[in-house]
Amino acid sequence: MNLQCGLVGLPNVGKSTLFNALTKGSAEASNYPFCTIDPNVGIVHLPDERLEKIIGFVDPEKSIPTSTQFVDIAGLVAGASKGEGLGNQFLSHIRETNAIIHVVRCFEDENIVHVEGNINPTRDIETINTELLLADLDSMEKRLQKSEKKAKSSNDVLLKKEVELMKKVLNFLEKGEPVRSGEWDVDETKTIQLWNLISFKPILYVCNIAESDITDSEKNKFVIEVQKIATKEGAEILALCSSLESEIIQLESDEREEFLKDLGLKKSGLDLLIQKAYSMLGLITYFTAGKKEVRAWTIKQGYTAPQAAGVIHTDFEKGFIRAETYHCEDLFKYKSEQAVKEAGKSRLEGKSYEVKDGDVLFFRFNV
């Protein structure tokens, strides 16, 4: 699945530092050099202890983790929706992503200039969110105008219904509210997703804090400010120090664990960020395991066994017969696939089976 999370924020908030830390040592990282407005794109592996444990029991020739694309979008400024700072191009890149990581500066440093002159998370968030809402407003007004013209000379019931939904969405945007904050039924959600609205995408606020605040970030007055905004919007929040994360990522695995332990942390901020972005998109992981390869696969929560098989290859879904499955926790408990079977924890599932996070699957199909 091609999944993208876009990093947005004002200039000089630590967004690019965070991106560089995220993509350090990843399988693929590329910079599109055609012009200065093009984003940096990096493929980031999802940290998953379960994959490492499965590898220990199966001992495959190779292993492949699941991954997500992170897109570093150049800093937005007030007026971006009208083209300020080449904002229109930046906003088009955001539309292509599945979720938004909004980096907010929550640290004081006189050596790093703030574009507005001082630290004010509420103002900074409003600046970015206003530009995203204005971009959506412009997009929806144009879409509604075209659809209303068609609807006047058509008896298409679905088109008329779509026009009414457009008006409801516009009402949210005109009130300055993100579309994601509305209550939409399943059909409405599917339609709105097709319009690729920025303010409909899930959002995670990342508070970039000073290293001195890393162990008690909840006391940081700027983080408290962001938390209030996130709570009101129903958004996620995470505090980390991007400069510190850049240092941590340079360390070897053992050194990294020791360093985090000394800081009083169980996981790095980057690991938490990747995992939050993954869950924010409503994703889960299942595994395939054999001597040739152990691999993690990304699917949407609620996928049936045939749909999960289709992520590997469309022929697997078309010719699906059944899936042999057990949960990875049973493998960890019984120590081998054979022992899992002997304990009666391995079973055959049919087309209606909803795959669970952590399932290990072997598909039987006929093409």
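Residues numbered from 1 in each chain as written. Predicted model: local features only at pLDDT ≥ 70, side-chain atom pairs only at ≥ 80, totals over all residues. Heavy atoms only, no water.

Visitor: Before we go on, may I ask you to explain the overall build of the protein in this structure?
Guide: If you tally the helices and strands in the protein, you get 14 helices and 13 strands. Compactness check: the protein gives a C-alpha radius of gyration of 23 Å against a globular reference of 21 Å for 367 residues, within 12% of the reference. If one aligns the C-alpha atoms of the protein with their principal axes, the spans along those axes are about 65 × 65 × 40 Å. In the protein, buried positions account for 46% of the 367 residues. Restricting to contacts in the protein with at least 6 residues of sequence separation, those with at least 24 account for 67%. A total of about 19100 Å² of accessible surface is found on the protein, and carbon and sulfur atoms cover 48% of it. Averaging the positions of the 46 positive and the 58 negative side-chain charges in the protein gives two centres separated by 7 Å. (Helix = DSSP H or I, 4+ residues; strand = E, 2+ residues; numbered from the N terminus. Rg over C-alpha atoms; globule rule 2.2 N^0.38 Å. Buried < 20%, exposed > 50% of the residue type's maximum accessible area, 1.4 Å probe, protein only. Contact = heavy atoms within 4.5 Å. Areas by Shrake-Rupley, 256 points an atom, 1.4 Å probe, with all protein chains shown as cover. Lys, Arg positive; Asp, Glu negative; His and termini not counted. Charge placed at Lys NZ, Arg CZ, Asp CG, Glu CD.)

Visitor: How should I be thinking about the nonpolar core in this particular structure?
Guide: Counting 60 residues, the largest nonpolar core has Leu-18, Phe-70, Ile-101 and Tyr-205 as its most contacted members. Beyond its immediate sequence surroundings of up to four residues, Ile-101 is in contact with Cys-5, Gly-6, Leu-7, Val-8, Phe-70, Leu-204, Val-206, Leu-273, Ala-277 and Met-280. Grouped together as the second largest cluster of nonpolar side chains are 19 residues, Leu-173, Val-179, Trp-184 and Ile-192 included. (Core = buried A, V, L, I, M, F, W, Y, C linked by side-chain atoms within 4.5 Å.)

Visitor: Explain the packing of aromatic side chains to me, please; I cannot follow it from the model alone.
Guide: Enumeration over the complete set of coordinates arrives at five aromatic pairs. Their ring planes at 25° and their centres at 6.2 Å tell us that Phe-57 and Phe-332 sit as a pair that is stacked. Of this pair, Phe-57 sits in helix H2 (residues 49-58) while Phe-332 sits in helix H13 (residues 328-334), and the two are 275 residues apart along the sequence. Assessed through its relative accessible area of 32%, Phe-57 is described here as partly exposed. What makes Phe-332 buried here is its relative accessible area of 10%. Among the aromatic side chains, those forming a connected cluster through ring pairs are Tyr-286, Phe-320 and Phe-363. For Arg-295, the ring lying beneath its charged end belongs to Trp-297, and the centroid distance is 4.0 Å. (Phe/Tyr/Trp six-rings, centres within 6.5 Å; stacked < 30°, edge-to-face > 60°. Lys NZ or Arg CZ within 6 Å of the ring centre and 35° of its normal.)

Visitor: What exactly am I supposed to notice about the environment of Glu-131 here?
Guide: Mapped onto the fold, Glu-131 is located in helix H4 (residues 121-152). Looking at Glu-131, the relative accessible area reads 6%, which means it is buried. In this structure, the C-alpha to C-alpha distance between Glu-131 and Leu-91, residues 40 residues apart in sequence, is 8.8 Å.

Visitor: Is there a simple way to think about the packing of H4 against helix H5 (residues 157-174) in this case?
Guide: Two packed helices can be described by the angle between their axes and the distance between those axes. Their axes nearest at 9 Å, the elements H4 and H5 cross at an angle of 155°. With respect to H5, the axis of H4 lies roughly antiparallel. Every pair of crossing elements has a handedness; the one defined by H4 and H5 is left-handed. Contact with H4, carried on its side by Leu-133, Asp-136, Leu-137, Met-140, Glu-141, Arg-143, Leu-144, Ser-147, Glu-148, Lys-150 and Ala-151, involves Leu-159, Lys-160, Val-163, Met-166, Lys-167, Val-169, Leu-170, Leu-173 and Glu-174 of H5 and no other residues of that element. When its residues are assigned to classes, the contact of H4 with H5 shows eleven nonpolar, one polar and eight charged. (Axes fitted to C-alpha atoms, helices over the stretch in contact; angles between N-to-C directions. Parallel < 35°, antiparallel > 145°, perpendicular 65-115°, else oblique. Left-handed = near helix turned anticlockwise from the far one by under 90°. Nonpolar A, V, L, I, M, F, W, Y, C, P; charged D, E, K, R; others polar.)

Visitor: Help me understand the pattern of salt bridges in this model?
Guide: Opposite charge on two side chains permits pairing when their charged atoms draw close. Considering all chains together, one arrives at 16 salt bridges under this definition. The residue Asp-48 makes a salt bridge to Arg-50 at a minimum N-O spacing of 3.0 Å. Each of the two residues, Asp-48 as well as Arg-50, counts as buried. Residue Asp-124 pairs with Arg-123 through a salt bridge whose shortest N-O separation is 3.0 Å. Accessibility classification places Asp-124 together with Arg-123 in one group, the buried group. (Salt bridge = Lys/Arg side-chain N within 4 Å of Asp/Glu carboxyl O.)

Visitor: Hey, could you run me through the packing of helix H1 (residues 15-23) against helix H10 (residues 269-280) in this one?
Guide: For the pair H1 and H10, the least separation of the axes is 10 Å and the interaxial angle reads 90°. The orientation of H1 with respect to H10, classified from their angle, is roughly perpendicular. Along its contact with H1, which presents Leu-18, Ala-21 and Leu-22, the element H10 presents Leu-270, Leu-273 and Ile-274. Taken together, the residues of the contact of H1 with H10 sort by class into six nonpolar, no polar and no charged.

Visitor: Can you help me understand a negative patch on the surface in this one?
Guide: Together, Glu-49, Glu-252, Asp-254, Glu-255, Glu-257, Glu-258 and Asp-262 line one region of the surface with negative charge. Take the negative patch: its biggest share by element is five residues, from helix H9 (residues 253-263). Mapped onto the secondary structure, Glu-252 falls in the loop between helix H8 (242-248) and H9. (Patch = residues over 30% accessible without salt bridge, like charges linked within 9 Å, V, L, I, M, F, W, Y side chains within 5 Å.)

Visitor: Looking at this structure, I do not really get the confidence of the model for the protein. What am I missing?
Guide: The predicted coordinates ought not to be read in detail in places where the model reports low pLDDT. Confidence in the prediction of the protein, expressed as mean pLDDT, is 89, and 91% of residues score 70 or more. Ignoring residues within four places in sequence, the model shows residues 25-36, a span with pLDDT below 50, making 15 contacts including any to other chains. (pLDDT = per-residue confidence, 0-100.)

Visitor: Is there a simple way to think about the pairing of strand S7 (residues 203-208) in this case?
Guide: The side chains of a regular strand alternate between the sheet's two faces. Judged by how many residues are buried, S7 sits mostly within the fold: six of six residues are covered. Pairing of strand S6 (residues 99-105) with S7, which is carried by six bridges, proceeds in the parallel orientation. Residue pairing in the sheet places His-102 in a bridge with Tyr-205 of S7. Summarising the sheet, S7 and strand S8 (residues 236-240) pair through five bridges and their orientation is parallel. Directly across from Leu-204, in S8, lies its bridge partner Glu-236. Assessed by its sense of winding, the connection that carries the chain from S7 through helix H7 (residues 221-233) to S8 is right-handed. (Pairing = 2+ DSSP bridges. Right-handed = clockwise from strand over helix to strand, strands pointing away.)

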